[in-house]
2 protein chains.
Amino acid sequence: MATMTEVARRAGVSISTVSYALTGTRPISAATRDRVLQAMTDLGYQPNALARGLASRRSSILGLLLPLTGRGLGATETAFVTGATAAAREAGYHLMLCPVGADDTDELHALATQRLLDGFLVMEVGLTDGRVDLLRKLDVPFVLIGRTADTEGLACVDIDFERTVEDAVAHLAGLGHRTIAYVNHSRDSLAGGYGPAKRTETAFTAALERHGITGVMVPTEDTAGGGRAAIREARERCPELTGVLVMNENAALGILADLRESGLEVPFDVSVVSMVTSPVVADLASPPLTAMTSPGTAVGAAATRVLLRRLAGDSGEAGEGQGATYEELVPCELEVRGTSGPARTRKPARGRR
Amino acid sequence: MATMTEVARRAGVSISTVSYALTGTRPISAATRDRVLQAMTDLGYQPNALARGLASRRSSILGLLLPLTGRGLGATETAFVTGATAAAREAGYHLMLCPVGADDTDELHALATQRLLDGFLVMEVGLTDGRVDLLRKLDVPFVLIGRTADTEGLACVDIDFERTVEDAVAHLAGLGHRTIAYVNHSRDSLAGGYGPAKRTETAFTAALERHGITGVMVPTEDTAGGGRAAIREARERCPELTGVLVMNENAALGILADLRESGLEVPFDVSVVSMVTSPVVADLASPPLTAMTSPGTAVGAAATRVLLRRLAGDSGEAGEGQGATYEELVPCELEVRGTSGPARTRKPARGRR
DNA sequence: TTGAAAGCGCTAACAT
DNA sequence: ATGTTAGCGCTTTCAA
């Protein structure tokens, strides 16, 4: 609880010298620096973060905006958080969790004008998002983890859903699959303009075309039950289907269970590839899921670094606004495990169903 | 970015009146209060959190200490975090994520003496934990999410592992199971003094005795593969086993898969109960797991409330230290799903294995 | 290379 | 019921 004044007195220098010794903002002779450092050690001095923030107008705290719905965070979202936290810490910043949903604009307005946070990371971004408009209006530095529909003038770091779908479809097509289903997020997500749902839908259609194969998209709930329902619907609509791409981990497990109970063997009769999946969950399934591994931690860390870069650059000319458009997309990596294999060439015996 | 001075001028009052109008720390006439409030609205005033914190010596920020290992957070840990965040927000506090492991004492020392945080929530507590000793020495308010071996003089909120094991064993015993296995965390966790592992081990033995039944404990890795290995070992050591209690969700799924592949039917031949499990994961399994549902969010929120209570009370007499011993244990609730049923009364046909 | 001093925006005595 | 004022502990001009 020693203050800078006490350190200064003990070191026999002025208080500003102590400050400069601490921040390195101006040159100090080696001798004085040593005396100051010694005094700090002697007194167990730690700078008061609040005082420092008030005087310097920088708190070194980042806000992470995430809606805290009842359902809790999935593995990928959690990885965003931990990745961001670690990256912030590494740069000498702190990260504050701010439970702020897309429509809590008042709450966000208060947060952003309180001067407690140097900038924001925005999670669970919708194709249009009130938080984005507000932060832009307030001229506060921020970076999206995700993307709005129009990213003009924004900084975003996101999973490369388009490329991930493309890679997954390529994997299946390469194995000889000619008809595949895409089990997407729920109809509500789609209608609500949830970015990943929309983007993968578009990308799936494009990928089918590119590979000259056919398929169906089935939206469903993010649960095992949803997966079961979806695979049934898909097989009904496309009896010749041999490959399934599934957006949601929970649904993926439901699909495997349903196929097994229907007497179909994975990957012999049907191949299943899970999108944006954590290795832990992939290994839960049996056989373990072939999956596009979610780069959650990497995305969280990258977003943080982008934000920090902007904070650093910001000190330049004023009126520059948020800086230029920036988009960084990280694809999921294909990890082949036990649920994908060559397409069967003959129809399954009728009795197997 | 208006300041209090500007608000005061506009309202035609002194700056302290504005402050009191804001904090309600002393009575204000309705008339002036209205004028002040109006001025605030007109100017879009928001108090500067840093200045307020510096002057009042309270930041209204709580720190959540959690080791950020490479493996990421499980569902229960994530629920601790979200529960704590929500509870803090509700009380007008913020929550900062601090990646501080049990041995990062220097880091914690700096954090705690920086005066940025009003108090700490400590996660992933070991039976002995350097962070606890340090925080106690520093006389900083803190509450554990978890428990050390000796909780004397500490405030802890934890899952009631003892009771959870007891309830789970009672469930199985009530279904007629006479021989059950407990698949615990890994041998390393046990050796490392990981609280939940140790506590459940003890409780399991006690519960067996109380119900007059027999069983074995098998430690294993927190993975599906670990579960498979464990169930094999358990069945080898105890061929007559009909019930399994399993600590880890991942292992639980592995156990189910292995049993299925061994030709055993769940719950007809063997019942499986999963400890400290999230409903989402329970529903992933097929059949869905009978589980002791983790009260993660509730524990996180409760711990936060305890900490806030201590912060409020703390303003009383000085030198009181951390306050009295406090222990709040929240049991997991049994949710019977598809993996538990009456014990089979005849031996399984030899060929079925 | 160093020091003096003016704030940063607010809270909380101490007055009245 | 309201005003005056001395800090909170630091950063950062401005001088030397």
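Residues numbered from 1 in each chain as written. Chains lettered and ligands numbered in written order. Predicted model: local features only at pLDDT ≥ 70, side-chain atom pairs only at ≥ 80, totals over all residues. Heavy atoms only, no water.

- If you check an unreviewed UniProt entry, chain A appears there as LacI family transcriptional regulator from Kribbella amoyensis.

Details of the overall build of chain A
Here is step 1 of the chain: Helix and strand content of chain A: 14 helices and twelve strands.
Here is step 2 of the chain: A compact globule built from 353 residues would reach a C-alpha radius of gyration of about 20 Å, whereas chain A, at 26 Å, exceeds it by more than 25%.
Here is step 3 of the chain: Expressed along its principal axes, the backbone C-alpha trace of chain A runs to roughly 90 × 40 × 35 Å.
Here is step 4 of the chain: In chain A, which comprises 353 residues, the share counted as buried stands at 57%.
Here is step 5 of the chain: Of all intrachain contacts in chain A linking residues separated by at least 6 positions in sequence, the fraction that spans at least 24 positions is 70%.
Here is step 6 of the chain: When the accessible area of chain A is evaluated, it comes to approximately 14900 Å², of which 50% is carbon and sulfur surface. (Helix = DSSP H or I, 4+ residues; strand = E, 2+ residues; numbered from the N terminus. Rg over C-alpha atoms; globule rule 2.2 N^0.38 Å. Buried < 20%, exposed > 50% of the residue type's maximum accessible area, 1.4 Å probe, protein only. Contact = heavy atoms within 4.5 Å. Areas by Shrake-Rupley, 256 points an atom, 1.4 Å probe, with all protein chains shown as cover.)

Examining the relation of the copies chain A and chain B
Here is step 1 of the chain: It takes a turn of 180 degrees to lay chain A on chain B, together with a shift of 0.0 Å along the axis; the resulting RMSD is 0.1 Å. The relationship between the two copies is best expressed as a two-fold rotation axis. Judged by C-alpha distance, methionine 96 of chain A is the residue of chain A that lies nearest the rotation axis, at 2.1 Å.
Here is step 2 of the chain: Mapped onto chain B, 100% of the interface residues of chain A again fall at the interface, so both copies present the same surface. (Least-squares fit on C-alpha atoms with pLDDT ≥ 70 in both.)

A few points about the protein's contact with DNA strand C
Here is step 1 of the chain: Close to DNA strand C lie 27 residues; Thr17 and Arg26 of chain A together with Met4, Ser19 and Tyr45 of chain B are nearest.
Here is step 2 of the chain: In this structure, a phosphate oxygen belonging to DNA strand C sits 2.9 Å away from a main-chain N or O atom of serine 14 of chain A.
Here is step 3 of the chain: The separation between a phosphate oxygen of DNA strand C and a polar side-chain atom of arginine 52 of chain B is 2.9 Å.
Here is step 4 of the chain: Looking at the surface near DNA strand C, the elements that each hand over two or more residues are helix 2 (15–23) and helix 4 (49–56) of chain A together with helix 2 (15–23) and helix 4 (49–56) of chain B.
Here is step 5 of the chain: Each residue belonging to the surface near DNA strand C can be placed in one class, and the counts come to twelve nonpolar, eleven polar and four charged. (Near = heavy atom within 4 Å. Polar contact = N/O pair within 3.5 Å; in protein donor to acceptor, adjacent residues only side chain to side chain. Nonpolar A, V, L, I, M, F, W, Y, C, P; charged D, E, K, R; others polar.)

As for the packing of helix 6 (residues 105–113) of chain B against helix 7 (residues 130–138) of chain B
The axes of two packed helices give the description: the angle between them and the distance between them.
All names here are of chain B.
Here is step 1 of the chain: Remark: helix 6 packs on helix 7, axes separated minimally by 10 Å, with the N-to-C direction vectors making an angle of 30 degrees. In this view, helix 6 runs roughly parallel relative to helix 7, as classed from their interaxial angle. Crossing angle aside, the handedness with which helix 6 passes helix 7 is right-handed. Taken together, the residues of helix 7 that come into contact with helix 6 (itself represented by Thr105, Leu108, His109, Ala112 and Thr113) are Gly130, Arg131, Leu134, Leu135 and Leu138.
Here is step 2 of the chain: Residues that form the contact of helix 6 with helix 7 fall into these classes: five nonpolar, four polar and one charged. (Axes fitted to C-alpha atoms, helices over the stretch in contact; angles between N-to-C directions. Parallel < 35°, antiparallel > 145°, perpendicular 65-115°, else oblique. Left-handed = near helix turned anticlockwise from the far one by under 90°.)

Description of the protein's contact with DNA strand D
Here is step 1 of the chain: Inspection of the region around DNA strand D gives 29 residues, with Met4, Tyr20 and Tyr45 of chain A together with Thr17 and Arg26 of chain B positioned closest.
Here is step 2 of the chain: For DNA strand D, the fraction of atoms within 4 Å of the protein that belong to sugar or phosphate moieties is 54%.
Here is step 3 of the chain: Contacts to DNA strand D include tyrosine 45 of chain A, whose side-chain N or O atom sits 2.4 Å from a phosphate oxygen.
Here is step 4 of the chain: Between a phosphate oxygen of DNA strand D and a side-chain N or O atom of arginine 52 of chain A, the distance comes to 3.0 Å.
Here is step 5 of the chain: Contributing elements (two or more residues each) for the surface near DNA strand D: helix 2 and helix 4 of chain A together with helix 2 and helix 4 of chain B.
Here is step 6 of the chain: Per-element tally for the surface near DNA strand D: the top contributor is helix 2 of chain A, with five residues.
Here is step 7 of the chain: Along the lines of polarity and charge, the residues of the surface near DNA strand D split into twelve nonpolar, 13 polar and four charged.

So, the UniProt feature "domain: HTH lacI-type" (unreviewed entry) in chain A
Here is step 1 of the chain: According to UniProt, the "domain: HTH lacI-type" (unreviewed entry) feature falls on residues 2–56 of chain A.
Here is step 2 of the chain: For residues 2–56 of chain A, the helix share is 71%, the strand share is 0%, and the end-to-end C-alpha distance is 20 Å. (UniProt positions renumbered as here; feature names shortened; annotations may be inferred.)

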